[in-house]
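Working through the structure, step by step
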Amino acid sequence: QVQLVESGGGLVQAGGSLRLSCAASGRTFSNYVMGWFRQAPGKEREFVSGIMWNGGSTYYADSVKGRFTISRDNAKKTGYLEMNSLKPEDTAAYYCAAKRFGFTPEASRYDIWGQGTQVTVSS
């Protein structure tokens, strides 16, 4: 079974950048699709970005396309979310998640979750 731990969140000014990491334990991380989701207070958890098990395909929400970049290093069992040109509306708790087989942006289809890391963007 894979376990996930996020890191890299923090407070940043609008226009700034952050890099989130998602460290996985377990031997089969490379078999899993990885996704990043976020949840702001009072809002539902929403899809941010996803990446196939081999990094061959990536997916982004329209709201972050062109600003965020997802990647993974299966040898290091780590996924990343590079966030540039951050906006106050990007403020949320960010979660990485994993699932077997195909990609989906539906959070309910992911069965492994990290504890989350807070990102706060000041205006």
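Below or above, wherever it landed, is the structure these notes cover. Note that the structure is a prediction, hence the values are computed from the model and not measured.

Right, let's get into the state of the cysteines. For the structure on display, the rule yields one disulfide. Covalent S-S linkage joins Cys22 and Cys96, the inter-sulfur distance amounting to 2.1 Å. Every disulfide takes its handedness from the sign of the S-S torsion; for Cys22 and Cys96 that torsion is 65°, giving right-handed. One end of the pair, Cys22, is in strand β3 (residues 18-25); the other, Cys96, is in strand β9 (residues 92-100), with 74 residues separating them in the sequence.

This paragraph deals with the pattern of salt bridges. Using the criterion set out here, one finds five salt bridges in the structure. The salt bridge partner of Asp90 is Arg38, with a shortest N-O separation of 2.9 Å. Pair noted here: Asp90 is in the loop between β8 (78-83) and β9 and Arg38 is in strand β4 (residues 32-39), with a separation of 52 residues, a long-range link. Arg38 matches Asp90 in its accessibility class, with the two residues each being buried. Linking Arg67 and Asp90 is a salt bridge whose minimum nitrogen-to-oxygen distance equals 2.7 Å. Taken as a pair, Arg67 in the loop between β6 (58-60) and β7 (68-73) and Asp90 in the loop between β8 and β9 lie far apart in primary sequence, 23 residues in all.

Rules behind the numbers
- Residues numbered from 1 in each chain as written.
- Predicted model: local features only at pLDDT ≥ 70, side-chain atom pairs only at ≥ 80, totals over all residues.
- Heavy atoms only, no water.
- Disulfide = S-S within 2.5 Å.
- Helix = DSSP H or I, 4+ residues; strand = E, 2+ residues; numbered from the N terminus.
- Salt bridge = Lys/Arg side-chain N within 4 Å of Asp/Glu carboxyl O.
- Buried < 20%, exposed > 50% of the residue type's maximum accessible area, 1.4 Å probe, protein only.

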